[in-house]
Amino acid sequence: MPASHPAKTTVSSPSNIAFIKYWGAQDLASAVPENPSLSMTLDTCRSRCTVEHLDEEGAHEVRWRQGGGLETAPPSFADRVIAHLDRLREWSGCGGRFRVATENTFPSAAGLASSASGFSALTLGVLGALGRGEAGAVRSELARRSGSGSASRSVFGGYVEWPADADADGANCHAVQVAAASHWNLRDVIAVVESGPKEVSSLDGHRRARTSPYFEERLRQLPRRLDGVRAALADRDFGRLGPIIEEEAIDLHMIAMTSTPAIYYWKPATLTVLEAVRHLRRDGVAAWSTMDAGANVHVICEPKSEPAVAEVLGGLDGVDQVIRDGVGDGPAVEAEHLF
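Here's a quick rundown of the structure. Only a predicted model underlies this, so the values are computations on that prediction, with no experimental measurement involved.

Cut-offs applied
- Residues numbered from 1 in each chain as written.
- Predicted model: local features only at pLDDT ≥ 70, side-chain atom pairs only at ≥ 80, totals over all residues.
- Heavy atoms only, no water.
- Buried < 20%, exposed > 50% of the residue type's maximum accessible area, 1.4 Å probe, protein only.
- Helix = DSSP H or I, 4+ residues; strand = E, 2+ residues; numbered from the N terminus.
- Pairing = 2+ DSSP bridges.
- Contact = heavy atoms within 4.5 Å.
- Expected span 1.5 Å × (residues − 1).
- Polar contact = N/O pair within 3.5 Å; in protein donor to acceptor, adjacent residues only side chain to side chain.
- Axes fitted to C-alpha atoms, helices over the stretch in contact; angles between N-to-C directions.
- Salt bridge = Lys/Arg side-chain N within 4 Å of Asp/Glu carboxyl O.
- Bend = angle between axes of the 7 residues up to and from the residue.
- Phe/Tyr/Trp six-rings, centres within 6.5 Å; stacked < 30°, edge-to-face > 60°.
- Lys NZ or Arg CZ within 6 Å of the ring centre and 35° of its normal.
- Core = buried A, V, L, I, M, F, W, Y, C linked by side-chain atoms within 4.5 Å.

### Structural notes on the pairing of strand β11 (residues 287-290)
Line of reasoning, step 1. Side chains of β11 alternate between two faces, with A287 and S289 and W288 and T290 buried alike.
Line of reasoning, step 2. In this structure, β11 lies alongside strand β12 (residues 297-301), joined through four bridges in antiparallel fashion. Its bridge partner lying in β12, T290 is registered against H298.
Line of reasoning, step 3. What sits between β11 and β12 in their antiparallel hairpin is a turn of six residues.

Following this line, the structure appears as structure tokens:
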């Protein structure tokens, strides 16, 4: 019997940069976090994913594009995708199998939240291919089940908090949009100092987080930081926002460096960029740094400061690429498929 749904859908979904980080989990397999996180959804850094649902039985097919044509994805990537496809198939009761292809507009596995964009795009692509028009909370919950907690935030545009409200058993651990992209046009100038995969994955970093003697202290500081970021967003107060997000990013890396075994995400050029950001502020340019689990640095600023920030970062030794990004409206369905 022919399928009554679209069968093939392509979704473009953005990465995000967390102002308050997700680092440490109550349940890592299900991505139930220790603490709420709050992020800005980006616009330029995106994953495109085409998903086709086939009624026939058989193995899922996963391909990716890494600079050339589509090719079969390696097991290190394909296994996580297949596991999530199986979850979504069980959730929907659809049967059959899926054919998937994906590509990124930015470096993968380099601490730029490619799992957030990738698994949110995959989740939304499956829902589209099945003709399922689910509410935002359901889309976020399903993206979280991929094991990439930050994917739950990337299904929304603007500024997003996760978890909004989780039950004791981890259910209903979805994100919500707290402000639209139009609320505040913040920019993100990204200094890429490492474009290859990082040596220690974020998943391993989450596993080690509790071994740091500073893990519990950060949890005690987070309510104050979270309230400060919420208030700064509501008032569009960049002078209040900047110091909090820079402090929070340093804490994440301090925990990583003091975990057992220790994780050193920073490279020499990372320190060069961080010093340049401090010099920009000394010279009157309002810019503040934040980093996820990787060597690359996000420099958050307002539009008037973006050209100066991009010029300075682009001239630094060790910076391979500067990506000029900013707050975006979230995922979009595209007409052109990858296959």
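### Section: the side chain of R46
Line of reasoning, step 1. Take R46: it is sitting in strand β4 (residues 37-54).
Line of reasoning, step 2. By relative accessible area, R46 is classed as buried at 14%.
Line of reasoning, step 3. Look past the residues within four positions of R46 in its chain and what remains in contact with it is S12, S13, P14, E103, N104, T105, F106, S117, G330, P331 and A332.

### Brief notes about helix α7 (residues 238-257)
Line of reasoning, step 1. Here α7 is 20 residues long and its end C-alpha atoms lie 29 Å apart, about the 28 Å a rise of 1.5 Å per residue gives.
Line of reasoning, step 2. N-capping of α7 is provided by D237, with a side-chain oxygen placed 3.3 Å from the backbone N of G239.

### Focus on the sheet that holds strand β10 (residues 187-192)
Line of reasoning, step 1. On the basis of which strands lie adjacent, the open sheet formed by four strands has the order β11-β12-β10-β13 and antiparallel pairing. Looking at the sheet topology across the chains shown, the edges are occupied by β11 and β13 (321-326). Going from strand to strand, the sheet's axes swing by 25° on average, the running direction of each strand aside.
Line of reasoning, step 2. Bridge analysis of β10 against β12 gives five bridges, and the strand direction is antiparallel. Opposite A191, over in β12, you have V297 as the bridge partner.
Line of reasoning, step 3. Strands β10, β11 and β12 of the sheet are contacted by helix α8 (residues 268-282), whose axis makes an angle of about 155° with β11.
Line of reasoning, step 4. Where helix α9 (residues 306-314) meets the sheet, its contacts fall on β10, β11, β12 and β13, and the angle it forms with β13 comes to roughly 160°.

### Description of the pattern of salt bridges
Line of reasoning, step 1. Within the structure shown, the criterion is met by 27 salt bridges.
Line of reasoning, step 2. For E334, the salt bridge is made with R48, and the minimal N-O distance between the two is 2.7 Å. Of this pair, E334 sits in strand β14 (residues 332-334) while R48 sits in strand β4; the two residues are 286 residues apart in sequence, bridging distant segments of the chain.
Line of reasoning, step 3. On the accessibility criterion, R48 (14% relative accessible area) is buried.
Line of reasoning, step 4. In this structure, R97 engages E61 in a salt bridge whose closest nitrogen and oxygen atoms are separated by 2.8 Å. A residue pair is termed long-range when its members are at least 10 positions apart, and R97 in strand β7 (residues 97-104) and E61 in strand β5 (residues 61-65) qualify at 36 residues.
Line of reasoning, step 5. Judged by relative accessible area, E61 falls into the partly exposed class, the value being 28%.
Line of reasoning, step 6. One connected set of salt bridges, linked through shared partners, spans R218, R224, R225, E247, E248 and D251.

### Section: helix α6 (residues 215-235)
Line of reasoning, step 1. Its 21 residues place the ends of α6 30 Å apart at the C-alpha level, agreeing with the 30 Å of an ideal helix rising 1.5 Å per residue.
Line of reasoning, step 2. L222 marks where α6 bends most, by close to 40°; the proline P223 follows one to four residues later.
Line of reasoning, step 3. Residues of α6 that are buried: F215, R218, L219, L222, R225, L226, G228, V229, A232 and L233.
Line of reasoning, step 4. Where α6 is buried, its residues contact β1 (8-20), β4, β8 (159-162), α5 (202-209) and α7.
Line of reasoning, step 5. Two residues or fewer after α6 comes R236, characterised by a positive phi angle close to 50°.

### So, the environment of A137
Line of reasoning, step 1. Summarising the element assignment, A137 is placed in helix α3 (residues 136-144).
Line of reasoning, step 2. When its relative accessible area of 32% is taken as the criterion, A137 is described as partly exposed.
Line of reasoning, step 3. Through-space distance from the C-alpha of A137 to that of E246 is 29 Å; in sequence the pair is 109 residues apart.
Line of reasoning, step 4. When residues no more than four places from it in sequence are discounted, the contact partners of A137 are F156 and H174.

### Comments concerning the packing of aromatic side chains
Line of reasoning, step 1. As enumerated under the stated definition, the model contains three aromatic pairs in all.
Line of reasoning, step 2. When the ring centre of F339 is taken as origin, the NZ or CZ atom of R63, which lies over that ring, is 5.1 Å away.
Line of reasoning, step 3. Above the ring of W288, the side-chain terminus of R281 is found at 3.6 Å from the ring centroid.

### Looking at the nonpolar core
Line of reasoning, step 1. Among the nonpolar cores identified, the biggest contains 40 residues, and F19, M40, Y159, L186, V229, L241 and I300 are the most heavily contacted of them.
Line of reasoning, step 2. Contributing elements (two or more residues each) for this core: β1, β4, β10, α6 and α7.
Line of reasoning, step 3. Beyond its immediate stretch of four places on either side in the chain, I300 contacts I17, F19, M40, L186, R187, D188, F238, I245, A286, A287, W288 and T290.
Line of reasoning, step 4. Counting residues in hydrophobic clusters, the runner-up holds 33 residues, among them A25, A78, L130 and A175.

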